[in-house]
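Architecture at a glance
Given next are the chains, with one letter for each unit.
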Amino acid sequence: MYCPKCGRENASDAKYCVGCGVPVSISGVKLAATGEIPFKGSAWGCYVHSWRNYATFAGRACRKEFWMWNIFNTVAFFGIGVGSALLGLGEEGAMGGALLFCLVALLPGLGMQIRRLHDTGRSGWWLLGMLIPVLGQLVLLLIMGFFKGEPGGNRFGVGPRMK
């Protein structure tokens, strides 16, 4: 069984992690049979988590964080356009607002995508695949959006569901 804090593998009957001392079972009940604790973050919490870790490229991010980031940013992007139209700012105002939002969200988005690739066991350098028109973007969407993360810890740290 894996430790929910450090990801270290322990004996199946262990009560505490041999690496960090965190309880891995309580009264003989395993806290996490696969090494993963179900992620209890809300959709909004996942989105806010990406903003709070805006320049964090180390660690891992779950699929839920990836999808919430993309969904909320898409809604915000369209909201800027609708808001600009309602305020009568015209096409230039809408484009300026959308461009500003894209620039502000660029660094947190890169950080989240790199952490998501880390969760699947891949280096952040895989993001360069975005430069390959259509195919590279499709492959990265499939990897980041649909592939499960590696259970337990990997070379990039403890899984996001284990924190």
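Residues numbered from 1 in each chain as written. Predicted model: local features only at pLDDT ≥ 70, side-chain atom pairs only at ≥ 80, totals over all residues. Heavy atoms only, no water.

Thoughts on the pattern of salt bridges
- Counted by the stated rule, this structure contains three salt bridges.
- Here Glu 65 ties to Arg 115 by a salt bridge, and the two come within 2.9 Å at their closest N and O atoms. You can see Glu 65 sitting in helix H2 (residues 63–86) and its partner Arg 115 sitting in helix H3 (residues 90–119), a full 50 residues away along the chain. The residues Glu 65 and Arg 115 share a single accessibility class, namely buried.
- Put simply, Arg 60, Arg 116 and Asp 119 are held in one network by salt bridges that share partners. (Salt bridge = Lys/Arg side-chain N within 4 Å of Asp/Glu carboxyl O. Helix = DSSP H or I, 4+ residues; strand = E, 2+ residues; numbered from the N terminus. Buried < 20%, exposed > 50% of the residue type's maximum accessible area, 1.4 Å probe, protein only.)

Focus: helix H4 (residues 135–146)
- Counted at 1.5 Å a residue, the expected span for H4 with its 12 residues is 16 Å, and the 16 Å between its end C-alpha atoms agrees.
- Of the positions making up H4, those classed as buried are Gly 136, Leu 140, Ile 143, Met 144 and Gly 145.
- Looking at the buried positions of H4, the neighbouring elements they touch are H2 and H3. (Expected span 1.5 Å × (residues − 1). Contact = heavy atoms within 4.5 Å.)

Observations concerning the side chain of Glu 65
- A residue is classified by how much of its surface remains accessible, and Glu 65, at 4% relative accessible area, is buried.
- There is a polar contact of 2.8 Å between the side chain of Glu 65 and the side chain of Ser 50.
- Here Glu 65 is in contact with Cys 46, His 49, Ser 50, Met 112 and Arg 115, once residues within four sequence places are set aside. (Polar contact = N/O pair within 3.5 Å; in protein donor to acceptor, adjacent residues only side chain to side chain.)

Side note on H2
- A rise of 1.5 Å per residue sets the reference length of H2, with its 24 residues, at 34 Å; its end C-alpha atoms lie 34 Å apart and thus fit the reference within 8%.
- Turning to H2, its buried residues are Glu 65, Phe 66, Met 68, Trp 69, Asn 73 and Ser 84.
- Check the buried side of H2 and you find it contacts helix H1 (43–52), H3 and H4.
- Just past H2, the residue Gly 88 takes up positive phi, approximately 70°.

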